[in-house]
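Here's the letter readout for the chains.
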Amino acid sequence: QVQVVESGGGLVQPGGSLRLSCAASGSIFSFPAMGWYRQAPGKERELVARIISGGGTNYADSVKGRFTISRGNAKNTVDLQMNSLNAEDTGVYYCNAAWSGSGYWGKGTLVTVST
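Residues numbered from 1 in each chain as written. Predicted model: local features only at pLDDT ≥ 70, side-chain atom pairs only at ≥ 80, totals over all residues. Heavy atoms only, no water.

### With respect to the nonpolar core
Okay, so step 1: Counting 27 residues, the largest nonpolar core has Trp36, Leu80, Met82 and Tyr93 as its most contacted members.
Okay, so step 2: Among the elements of the structure, β1 (2-7), β3 (18-26), β4 (33-39), β5 (46-52), β7 (67-71), β8 (77-82), β9 (91-99) and β11 (109-113) are those that each provide at least two residues to this core.
Okay, so step 3: Top contributing element to this core by residue count: β3, with four residues.
Okay, so step 4: If near-sequence neighbours (up to four positions away) are discounted, Tyr93 is found in contact with Glu6, Leu20, Trp36, Tyr37, Arg38, Val48, Phe67, Leu80, Met82, Gly108, Thr109 and Val111. (Core = buried A, V, L, I, M, F, W, Y, C linked by side-chain atoms within 4.5 Å. Buried < 20%, exposed > 50% of the residue type's maximum accessible area, 1.4 Å probe, protein only. Helix = DSSP H or I, 4+ residues; strand = E, 2+ residues; numbered from the N terminus. Contact = heavy atoms within 4.5 Å.)

### Focus: the pairing of β3
Okay, so step 1: Bridge analysis of β1 against β3 gives six bridges, and the strand direction is antiparallel. Paired with Gln3 across the strands is Ser25, a residue of β3.
Okay, so step 2: In this sheet, β8 lies alongside β3 in antiparallel orientation, the contact comprising six bridges. Counted as the bridge partner of Leu18 is Met82 from β8. (Pairing = 2+ DSSP bridges.)

### Focus: the state of the cysteines
Okay, so step 1: This model, assessed by the stated rule, comprises one disulfide.
Okay, so step 2: Sulfur-sulfur distance for the disulfide between Cys22 and Cys95 comes to 2.0 Å. Residues Cys22 and Cys95 share a disulfide whose torsion about the S-S bond is about -80°; that sign makes it left-handed. Remark: Cys95 occurs in strand β9 and Cys22 occurs in strand β3; sequence separation between them is 73 residues. Across the pair, exposure class does not vary: Cys22 and Cys95 are buried alike. (Disulfide = S-S within 2.5 Å.)

### Examining the packing of aromatic side chains
Okay, so step 1: Counted by the stated rule, this structure contains three aromatic pairs.
Okay, so step 2: Ring geometry for Phe31 against Tyr104: centres 6.1 Å apart, planes inclined by 70°, an arrangement best described as edge-to-face. Taken together, the residues span a long stretch of sequence, with Phe31 in the loop between β3 and β4 and Tyr104 in strand β10 (residues 102-105) at a distance of 73 residues.
Okay, so step 3: Seen in terms of ring centroids, Tyr37 and Trp105 are 4.9 Å apart; in terms of plane orientation they differ by 70°. Their pairing is edge-to-face. Remark: Trp105 occurs in strand β10 and Tyr37 occurs in strand β4; sequence separation between them is 68 residues.
Okay, so step 4: For Trp105, a relative accessible area of 38% translates into the label partly exposed.
Okay, so step 5: Members of the aromatic cluster, each reached through a chain of ring pairs, are Tyr37, Tyr94 and Trp105.
Okay, so step 6: Its end group placed over the ring of Tyr94, Arg45 keeps NZ or CZ at 3.7 Å from the ring centre.
Okay, so step 7: The positively charged end of Arg45 is found above the aromatic ring belonging to Trp105, 4.5 Å away from the centroid. (Phe/Tyr/Trp six-rings, centres within 6.5 Å; stacked < 30°, edge-to-face > 60°. Lys NZ or Arg CZ within 6 Å of the ring centre and 35° of its normal.)

### Structural notes on the pattern of salt bridges
Okay, so step 1: Under the defined criterion, the tally for this structure stands at five salt bridges.
Okay, so step 2: The partner of Arg38 in a salt bridge is Glu46, with the nearest N and O atoms 2.8 Å apart.
Okay, so step 3: Owing to a relative accessible area of 6%, Arg38 belongs among the buried residues under this scheme.
Okay, so step 4: With a shortest N-O distance of 2.9 Å, Arg38 and Asp89 are connected by a salt bridge. Residue Arg38 is located in strand β4, and its partner Asp89 is located in the loop between β8 and β9; the two are separated by 51 residues in the primary sequence. One exposure class covers both Arg38 and Asp89, and it is buried.
Okay, so step 5: The structure contains a network of salt bridges with shared partners spanning Arg38, Glu46, Arg66 and Asp89. (Salt bridge = Lys/Arg side-chain N within 4 Å of Asp/Glu carboxyl O.)

That is the geometry; function is a separate question.
Next up, the structure:
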C-alpha cells in the first residue's frame, strides 16, 4: 500500500512564493518519477512539473521560469518551489508518484493566489 501526502499550500498574494512538499511511502522502495499536477476551479487536472530518477524535468509552459521541481533530501520526496505566483496558479495541487505504469495520488493541497 502506498501513501502520498502533500503539504505547503495556502493563501499568498500575487507575486509571492510558496513551497510545496510531497512524501510517498509504503510498499514501493523507489518511485522513478514524481510530479505535481493542479486542478483549477472548473478545469481539468493538468501537469505542472515532473522529475524522473535521472534528474530530468519537464514543466508546463505556463510555469517555466517561475516554478522549480526538485527531489527532497529524504527518499521518495519531491518539492515544488513556486515564485511569481499569479491568480491563474490558484488551484488544488496534487502530487503523483509513478511506478511501473501505476500512479499514486495524494489528496491535494490548496493554493490560493489572491489579494
